[in-house]
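Commentary on secondary and tertiary structure
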Amino acid sequence: MINAIMKDAKKLAPKLAEWRRWFHRKPELSFAETETTKEICRILSGLGFDGMKVGVSDVATGVVVDLRGASPGRVIALRADIDALPITEENDIEYRSQNDGVMHACGHDAHIAMLLGAAAILIGQKNEFAGTVRLIFQPSEEAYDGGAKPMIAEGVLDGVDAIAGIHVWQPVESGVFAYTAGAAMASCDRFKITVRGCGGHGAYPHQTTDPIVAACSVVCQLQTIASREIDPLETGVITVGLITSGTANNIIPDIAVMEGTIRSLSPEVRSHIFEGVARVAECVAKAHRCSASLEIFNGYPPTVNDIPFVKRAVAIAKEIVGPSKVIEVTPTMGAEDMGFYLEKIPGCYLFLGIGNEDAGLVHPHHSSKFNVDESVLETGSTYLAYLARSYLEDSASFNFI
Ligand code: NI
């Protein structure tokens, strides 16, 4: 089976680059991927797909389509995100972004192309397998609340047994797969603390309750949640990235507002931090005769790879690129809304390296000079197609280590 898939992917390689470049030229922001969605549908129709479901919530972006094999069986979903970023591209390339101020600077153009490639391979083999492959082209990964959550609410995972996806990854050498067993990416939540005091003249602090001193103390004490309350072998980050208060050097203001981000790799640590931030903010503010109110804006849960599933996926990746080109990496504190799917069903999210110093591909994700080594597109499509076929043929092998 693998030989046939690799052969098909090789034949598709020029097409994959062509597709990727089309999407690169026409990047669209989160939940505004209208032309992207149309083009995905156009290509899928050309490949012989029908019954595409377009849109999520009230927005007509994103595509879901099922590919049914010769007979009923298990259902596996393959997911690609499709949105771009508000960045002005600085690459001097023929297929440079034509949408001013918008750029595919995270590689989602490559994700679309790789999934279309897998679609092309799998539809050509549909008489050879039982079960269904659900292709998910998800809008809005970059902007909270993201596209995964509403898609799941609308039933995209109904009847689906497992899910897989790939993110191209600049820090890893081109063509190398990188994986993490268990939590691979962090949860990401935003918070806002408003400390209220009672302002007055800067020369007479005793006549006031100073929210700035209280807020500074809250920032310092928040750090003890990660350092003193969380098991040192677990991971939690609390960053206050924004403090707003005051109008002049000699006025003690009434309020101070702080905003920050919370990251963790497990639901337990995540909820402990939520509780800790609320407790510390309230009690420390109170110690300074102020009050504090906390708002937490839930972002993405941690992206947790199912361990037996990822081990099987790793074996598949090794068959494609060889054992030396599949490496285990530590989790990243970056976040991804792939986590929403993996909260519900088993599966895994692998990184596929695109870093290539010789080709000048050294710029990080979200940089205005970010670019993708297109030679990996064929590898990505091969992996997605082979993983789907392997799962449908023997899903039990994904259940044990
Ligand atoms: Ni991304």
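Residues numbered from 1 in each chain as written. Predicted model: local features only at pLDDT ≥ 70, side-chain atom pairs only at ≥ 80, totals over all residues. Heavy atoms only, no water.

Before going further, it helps to spend a moment on the coordination of the nickel ion. Those protein atoms acting as donors to the nickel ion are Cys106 (SG), His108 (NE2) and His167 (NE2), and they sit at 2.1 to 2.3 Å. When the donors of the nickel ion are listed by position in the chain, the intervening gaps give C-x1-H-x58-H. There is no split in this pair, since Cys106 and His108 are both buried. (Donors = N, O, S within 2.8 Å, 3.2 Å for Na, K, Ca; no water. Buried < 20%, exposed > 50% of the residue type's maximum accessible area, 1.4 Å probe, protein only.)

Attention now moves to the packing of helix H5 (residues 211-229) against helix H6 (residues 267-287). Orientation of H5 relative to H6, taken along the N-to-C sense of each, is 145°, at an axis distance of 9 Å. Regarding H5 and H6, the two cross each other, and that crossing is right-handed. Listed contacts from H6 to Ala214, Ser217, Val218, Gln221, Leu222, Ile225 and Glu229 of H5 are His272, Ile273, Gly276, Val277, Arg279, Val280, Ala281, Val284 and Ala285. Residue classes in the contact of H5 with H6 are distributed as 10 nonpolar, four polar and two charged. (Axes fitted to C-alpha atoms, helices over the stretch in contact; angles between N-to-C directions. Helix = DSSP H or I, 4+ residues; strand = E, 2+ residues; numbered from the N terminus. Left-handed = near helix turned anticlockwise from the far one by under 90°. Contact = heavy atoms within 4.5 Å. Nonpolar A, V, L, I, M, F, W, Y, C, P; charged D, E, K, R; others polar.)

The domain architecture assigned to the protein consists of domain 1 (2-185 + 302-398) and domain 2 (187-299). Between the C-alpha centres of domain 1 and domain 2 the distance comes to 38 Å. Facing the 11 residues of domain 1 at the interface are 11 residues of domain 2. Interface of domain 1 and domain 2: buried area, both sides summed, is about 920 Å²; carbon and sulfur atoms make up 69% of it. Of all residues in domain 1, the largest losses of buried area upon contact with domain 2 belong to Tyr144, Pro302 and Met333, amounting jointly to 61% of the total for that side. On the surface where domain 1 and domain 2 come into contact, there are zero salt bridges. Inspection of the domain 1/domain 2 interface yields one residue pair in polar contact (both at pLDDT 80 or more). Of the residues contributing to the side of domain 1 that touches domain 2, the split by class is eight nonpolar, two polar and one charged. (Domains from an automatic or database assignment. Buried area = accessible area lost by both parts, 1.4 Å probe. Salt bridge = Lys/Arg side-chain N within 4 Å of Asp/Glu carboxyl O. Polar contact = N/O pair within 3.5 Å; in protein donor to acceptor, adjacent residues only side chain to side chain.)

Further remarks concern the layout of surface pockets. Estimates place the volume of the largest pocket at around 230 Å³. Taken together, 14 residues line the largest pocket, and the ones lying closest to its centre are Cys106, Glu141, Glu142, Ala335 and His366. For the lining of the largest pocket, a count of residues per class yields six nonpolar, four polar and four charged. (1 Å grid on protein atoms, 1.4 Å probe; cavity = no way out; pocket = protein on both sides within 12 Å on 5 of 7 lines; lining within 4 Å. Points joined across faces, edges and corners; volume = space filled by probe spheres on them.)

A complete count under the given rule lists 20 salt bridges for this structure. Close ionic contact of Arg79 with Asp337 constitutes a salt bridge, the shortest N to O distance being 2.7 Å. You can see Arg79 sitting in strand E3 (residues 71-81) and its partner Asp337 sitting in the loop between strand E15 (326-328) and helix H8 (338-344), a full 258 residues away along the chain. Across this residue pair, the class does not change: Arg79 and Asp337 are buried. Between Arg279 and Glu229 there is a salt bridge; the shortest N-O distance is 2.8 Å. Residue Arg279 is located in helix H6, and its partner Glu229 is located in helix H5; the two are separated by 50 residues in the primary sequence.

Two numbers describe a pair of packed helices, the interaxial angle and the distance between the axes. For the pair helix H1 (residues 2-25) and helix H2 (residues 34-47), interaxial distance at closest approach is 10 Å and the crossing angle is 160°. Classified by the angle their axes make, H1 and H2 are roughly antiparallel. Crossing geometry of H1 relative to H2 is assigned as right-handed. On the side of H1, the interface is formed by Trp19, Trp22 and Phe23, while H2 contributes Glu35, Thr36, Glu39, Ile40, Ile43 and Leu47. Along the lines of polarity and charge, the residues of the contact of H1 with H2 split into six nonpolar, one polar and two charged. (Parallel < 35°, antiparallel > 145°, perpendicular 65-115°, else oblique.)

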